[in-house]
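Here's the letter readout for the chains.
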Amino acid sequence: MVAHAYTVAFEGVDARPVEVQCAVTPGLPAFSIVGLPDKAVSEARDRVRTALNAMAIALPSKRITINLSPADLPKEGSHFDLPIALGLLAALDIVPRDAVSQTVALGELSLDGALIPVLGALPAAMTAAEEDRTLLCPQASGAEAAWVGACNVIGAQSLLDVVKHFTGKAVLPPATPGEVTAAATGRDLRDVKGQERAKRALEIAAAGRHHMLMVGTPGSGKSMLAARLPGILPPLTPAEALETSMIHSLAGLLDEGGISRSRPFREPHHTASMAAIVGGGRGAKPGEISLAHNGVLFLDEFPEFPRTVLETLRQPIETGRVMVARANAHINYPCRFMLMAAANPCKCGYLSDPARACSRAPACGEDYMGRISGPLMDRFDLRVEVPPVAFTDLDLPAAGDSSETVAARVAAAREVQAVRYATLPGTRTNADTEGAALEEIAQIDAESRDLLLRAADQFGLSARGYHRVLRVARTIADLSGSDSIDRAHLAEALSYRIVTAKDA
């Protein structure tokens, strides 16, 4: 008679149900695993056999066959150890078969029977809830999985604890969610001397989730400004925290099962490969753009990134999703991120400094910024020049609003947008608005429209750029508490769109 256990196989952030069928039949002694297992899954038979021996359970001299169904779905990872062991224990009538069949299990076994934490407990718990089953996992993964709340999560330290639980000798208590963590950056906008225009642009970008490019000489404060962006962003909503944590769970970034309410801030080096940025590699893992989902992707030294890597950002910026297509996998990851980029105006960095500009100006700047294609440049809502700060300004006391004050204005603007787009699925901020919804929220009077049309004609704005100006103007109006877009709001939005574009 065949015993049945259940686990999951990961396809991106989705955990697909897998049935573990175990049959112990007469024949030559053998232990085989079928159903497209990878090397780690195939090696499970040795870990399971040794763990059972550590519990003084000897396998019978019969043929043991483990089938992982559906058989055409690739199975990868060491988390199949526990469900295979459960299916075998059920087939040997050591644990009740009906109890095992009501459980989704995942966990790696050590040779002494201890359970080692694995990646993906959170998406596995989502699947267990959909299947109306209990999730059984290593105790170290239980705090993470318990965040789902819709299913019962049991965390065990060893395979012996699992056997005692199913036989009723020592029932394991349900796991409890880990702590909600909030990263304290300790970085305040007041630390940045001068750069009031760049600070204003940073506030607008945070309020509407707009993509922003900063261009300035080395040492002008571009990286300092970007590092202070997390301090003014609103915390993740519960739904956003859960979907972001599912990606981080697959990447092993959750600390002791705690879920962070702080928005992700990813800053890969410019030598990062395409697979590291977009996703891919072994198992088509999520890349930096997916790890920055619902947060910020900061690309410093933007033109230094390989052009092929930069061009792959164009589609994810527009769609909020990326398809990692490989010969053996087609994985869809969410990547709704805010792109923050910083660049020097030229290779030497001092194109705008008359005292230090190189002899190749202006060709030096044209060649350097020419590494960024026009279509990619067109996707930046705000382009800000960050000039060098005078030495005399560095001795001045801190000025301007603190990050706490700016964060309050950003949160108020985000709340207005949350109410505005409550009935529009997939739309959360002004940057997401398009089509008829954009026409409705970005209505302008005849005088403002004439200004926009003249600017579009003079500076050659594309249709995308035209609409992005309207979205930024809507965000500026939200920050000022205005129900309508005034000429001043539109003029400010245009100033961030065309000045640096012309200079670059």
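This text follows the structure it describes.
Treat the numbers as computed from the prediction; the structure is a model and nothing was measured.

Brief notes about the packing of aromatic side chains
And then number 1: Following the criterion strictly, the structure yields two aromatic pairs and no others.
And then number 2: Ring centres of F302 and F380 lie 5.6 Å apart, and the angle between their planes is 85°; this geometry places the pair in the edge-to-face category. Here F302 is found in the loop between β16 (296–299) and α13 (307–311), whereas its partner F380 is found in the loop between α16 (374–377) and β20 (382–386), with 78 residues between them in sequence.
And then number 3: Owing to a relative accessible area of 0%, F302 belongs among the buried residues under this scheme.
And then number 4: Here F380 falls in the buried class, since its relative accessible area comes to 1%.
And then number 5: Sitting over the ring of Y6, R133 keeps its end group 3.9 Å from the ring centre.

Re the side chain of E203
And then number 1: Mapped onto the secondary structure, E203 falls in helix α8 (residues 196–208).
And then number 2: For E203, a relative accessible area of 5% puts it in the buried group.

Here we look at the nonpolar core
And then number 1: Grouped together as the largest cluster of nonpolar side chains are 52 residues, with contacts concentrated most on M212, L229 and M340.
And then number 2: The element best represented in this core is helix α21 (residues 463–479), accounting for eight residues.
And then number 3: Those residues within four positions of M212 in sequence are excluded, and the remaining contacts are A198, A201, L202, A205, L339, M340, A341, F380, L382 and V384.
And then number 4: Grouped together as the second largest cluster of nonpolar side chains are 42 residues, V24, L52, V100 and I154 included.

Quick notes on helix α7 (residues 159–167)
One turn of an α-helix holds 3.6 residues; hence residues three or four places apart share an orientation.
And then number 1: Within the sequence span of α7, burial applies to L159, V162, V163, H165 and F166. Down the axis of α7, the smallest arc covering the buried residues is 160°, so these residues share one side.

Details of unusual backbone geometry
And then number 1: For the peptide bond that leads from S69 to P70, omega is 5°, which places it in the cis range.
And then number 2: Residue L36 is not a glycine yet carries a positive backbone phi of 55°.
And then number 3: Structurally, the position occupied by L36 is in the loop between β3 (30–34) and α1 (39–42).
And then number 4: Taking relative accessible area as the criterion, L36 reaches 47% and is therefore assigned partly exposed.
And then number 5: Positive phi, normally seen in glycine, also occurs at R209, with a value near 55°.
And then number 6: Locating R209 in the fold gives a position in the loop between α8 and β11 (212–216).

A short note on the sheet that holds strand β13 (residues 265–266)
And then number 1: Pairing in this open sheet of five strands is parallel, and the strands run β13-β16-β19-β11-β20 from one edge to the other. The open sheet has two edge strands with one neighbour each: β13 and β20.
And then number 2: The pairing of β11 with strand β19 (residues 338–343) spans four bridges and is parallel. Within the sheet, the bridge partner assigned to M214 lies in β19 and is A342.
And then number 3: Across the sheet, α8 is in contact with β11, β19 and β20; its angle to β20 comes to roughly 155°.

Conventions adopted
Residues numbered from 1 in each chain as written. Predicted model: local features only at pLDDT ≥ 70, side-chain atom pairs only at ≥ 80, totals over all residues. Heavy atoms only, no water. Phe/Tyr/Trp six-rings, centres within 6.5 Å; stacked < 30°, edge-to-face > 60°. Helix = DSSP H or I, 4+ residues; strand = E, 2+ residues; numbered from the N terminus. Buried < 20%, exposed > 50% of the residue type's maximum accessible area, 1.4 Å probe, protein only. Lys NZ or Arg CZ within 6 Å of the ring centre and 35° of its normal. Core = buried A, V, L, I, M, F, W, Y, C linked by side-chain atoms within 4.5 Å. Contact = heavy atoms within 4.5 Å. Arc of directions from axis to C-beta. Pairing = 2+ DSSP bridges. Axes fitted to C-alpha atoms, helices over the stretch in contact; angles between N-to-C directions.

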